Amino acid sequence: MARTARLKVTEGPGWYHLWARAATYDGEFPLERSGCKRKLVELLLHYAAAYCCRLAGWCVMGNHWHTVLQMEAVGRLRRDELLRRARLLYPGTKGREMIARWGVKEWRRLHRRLFDVSELMRNVQAAFARWYNDTYGRRGRFWAERFGSTVLEGEAAVLDALLYVELNSVRAGLVQKPEDYEYSSIYMRRTGRSRELVTLEELVGVEGRRAAMREYMNVLYCRGSIPTREGQARIPERVLDRERSRGFRQPGMFLKRLSYFAGGVVVGTEVLVRQHLERLRRKGRYAQRRNPIRHLEGVHFSLREQRGARRLISG
């Protein structure tokens, strides 16, 4: 049976929250094995440099991982730029020999591929699965199912999805401060290694690197100090008080669990989500739902995949 088509932004650049879970038994955490988290981050950075995308952040946990990124609008790439990206995808002598044999058809196929979020994720996950199986003598499928994807419409949705991702380590009780978790983008930003990432100035709308970092950490700490479900770990009050004394004074506002960031088809403003809904209804994908789902008193709206919808060819 064909899978439901993945929703993708086809006109202009598109932001996504992407995630994937390893195929595990309860209580099994394969990504905790030596070198695994570091290798997954390394592969994400490598393929992000090859594809036409911009990384905002990520977090790698013991049995799953998240990233927030923007795929660039489809455009024409110069031949030298195509060649540079091709060599990243196919390194080494064999890769160079294969590229040298390419004709027009192969170059056109590469060009289309470089703007496709599914191809990017396929490369990252396939490369990691091969590395893991080779390293640990494992056979078979590593990932549980195809990766999850939520389209993020609007600046608020992008920022809030990034906060959701950055706080994974705190919610799991691994650290008290999100920037202490080595396998996250906020750790990379705080240690001065964020050249590959979308700037916080752009994400929070504040000029100046230090001012933008202060504003982002303010929001991140205040969000992280409030559990989003019963029994969930949070940033301790004493840690928040210490950071408040340094200038983090914005009160938290998100008291509910933000599960729609990892379960929605699209998240954003009502107008933008409604546009997606109407287009999907015309395609027959949504038969019953007529309105976006409201969250946080209208701060966000979302769509979830509708059960019983007509199946389309997967993307």
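Residues numbered from 1 in each chain as written. Predicted model: local features only at pLDDT ≥ 70, side-chain atom pairs only at ≥ 80, totals over all residues. Heavy atoms only, no water.

1. Observations regarding the overall build of the protein
Consideration 1: Helix and strand counts for the protein come out as 12 helices and 7 strands.
Consideration 2: Sorting the 315 residues of the protein into buried and exposed places 49% on the buried side.
Consideration 3: Excluding contacts between residues fewer than 6 apart, the proportion of contacts in the protein whose partners are at least 24 apart in sequence is 70%.
Consideration 4: Total accessible area on the protein is roughly 16,700 Å²; 47% of this is exposed by carbon and sulfur atoms. (Helix = DSSP H or I, 4+ residues; strand = E, 2+ residues; numbered from the N terminus. Buried < 20%, exposed > 50% of the residue type's maximum accessible area, 1.4 Å probe, protein only. Contact = heavy atoms within 4.5 Å. Areas by Shrake-Rupley, 256 points an atom, 1.4 Å probe, with all protein chains shown as cover.)

2. Quick word on the pattern of salt bridges
Consideration 1: In the structure shown here, the tally under the stated rule is 11 salt bridges.
Consideration 2: A salt bridge links lysine 37 to glutamate 32; the shortest N-O distance between them is 3.2 Å.
Consideration 3: The partner of glutamate 119 in a salt bridge is arginine 122, with the nearest N and O atoms 2.7 Å apart. Residue glutamate 119 and its partner arginine 122 are located together in helix H5 (residues 117–136), separated by 3 residues, close to a single helical turn.
Consideration 4: Each of the salt bridges in this network shares a partner with another, and the network as a whole consists of Glu81, Arg84 and Arg85. (Salt bridge = Lys/Arg side-chain N within 4 Å of Asp/Glu carboxyl O.)

3. What about the confidence of the model for the protein?
Consideration 1: The predicted model of the protein has a mean per-residue pLDDT of 83, with 77% of residues at 70 or higher.
Consideration 2: Here residues 308–315 is modelled with pLDDT under 50, and outside its nearest four sequence neighbours on either side it reaches 22 contacts, counting other chains as well. (pLDDT = per-residue confidence, 0-100.)

4. What to know about the nonpolar core
Consideration 1: Counting residues in each nonpolar core, the largest one holds 80 residues, and the members touching the most others are Trp58, Trp65, Val68, Phe128 and Tyr216.
Consideration 2: Looking at this core, the element that brings in the most residues is helix H1 (residues 36–50), giving 9 residues.
Consideration 3: Beyond its immediate sequence surroundings of up to four residues, tyrosine 216 is in contact with Leu159, Leu162, Leu163, Glu166, Ile186, Leu200 and Val204. (Core = buried A, V, L, I, M, F, W, Y, C linked by side-chain atoms within 4.5 Å.)

5. With respect to the packing of aromatic side chains
Consideration 1: As enumerated under the stated definition, the model contains 11 aromatic pairs in all.
Consideration 2: With a centroid separation of 5.8 Å and 90 degrees between ring planes, the pair formed by tyrosine 90 and tryptophan 102 is classed as edge-to-face. A residue pair is termed long-range when its members are at least 10 positions apart, and tyrosine 90 in the loop between helix H2 (79–89) and helix H3 (92–100) and tryptophan 102 in the loop between H3 and helix H4 (104–113) qualify at 12 residues.
Consideration 3: We classify tryptophan 102 as buried; its relative accessible area is 18%.
Consideration 4: Each ring, one from tyrosine 132 and one from phenylalanine 142, has its centre 4.7 Å from the other, and the planes form 55 degrees; the classification is tilted. Residue tyrosine 132 is found in helix H5, and its partner phenylalanine 142 is found in the loop between H5 and strand S4 (148–153); the two are separated by 10 residues along the sequence.
Consideration 5: Here phenylalanine 142 falls in the buried class, since its relative accessible area comes to 3%.
Consideration 6: Cluster of aromatic residues (ring-pair linked, three or more members): Phe128, Trp131, Tyr132, Tyr136, Phe142 and Trp143. (Phe/Tyr/Trp six-rings, centres within 6.5 Å; stacked < 30°, edge-to-face > 60°.)

6. Quick look at the packing of H2 against H4
Consideration 1: Two elements in contact, H2 and H4, have axes whose closest approach is 11 Å; the angle formed by their N-to-C orientations is 80 degrees. The angle between H2 and H4 falls in the class roughly perpendicular. Within the contact between the two elements, H2 uses Arg79, Leu82, Leu83, Ala86 and Leu89 and H4 uses Trp107, Leu110, His111 and Arg113.
Consideration 2: Looking at side-chain class alone, the contact of H2 with H4 contains 6 nonpolar, 1 polar and 2 charged residues. (Axes fitted to C-alpha atoms, helices over the stretch in contact; angles between N-to-C directions. Parallel < 35°, antiparallel > 145°, perpendicular 65-115°, else oblique. Nonpolar A, V, L, I, M, F, W, Y, C, P; charged D, E, K, R; others polar.)

7. Some points on the pairing of strand S1 (residues 14–21)
Consideration 1: Counting buried residues along S1, 7 of its 8 residues qualify, which places the element largely inside the surrounding structure.
Consideration 2: As defined by bridge partners, S1 adjoins strand S3 (residues 64–71) across 8 bridges and the pair is classed as antiparallel. Counterpart to tryptophan 19 in the pairing with S3 is histidine 66.
Consideration 3: Summarising the sheet, S1 and S4 pair through 5 bridges and their orientation is antiparallel. By the bridge assignment, tryptophan 15 is partnered in S4 with leucine 152. (Pairing = 2+ DSSP bridges.)

8. A look at the packing of H1 against H5
Consideration 1: For the pair H1 and H5, interaxial distance at closest approach is 9 Å and the crossing angle is 145 degrees. Handedness of the H1/H5 crossing: right-handed. On the side of H1, the interface is formed by Cys36, Lys39, Leu40, Leu43, Leu44, Tyr47 and Ala48, while H5 contributes Leu120, Asn123, Val124, Ala127, Phe128, Trp131, Tyr132 and Tyr136.
Consideration 2: Looking at side-chain class alone, the contact of H1 with H5 contains 13 nonpolar, 1 polar and 1 charged residues. (Left-handed = near helix turned anticlockwise from the far one by under 90°.)

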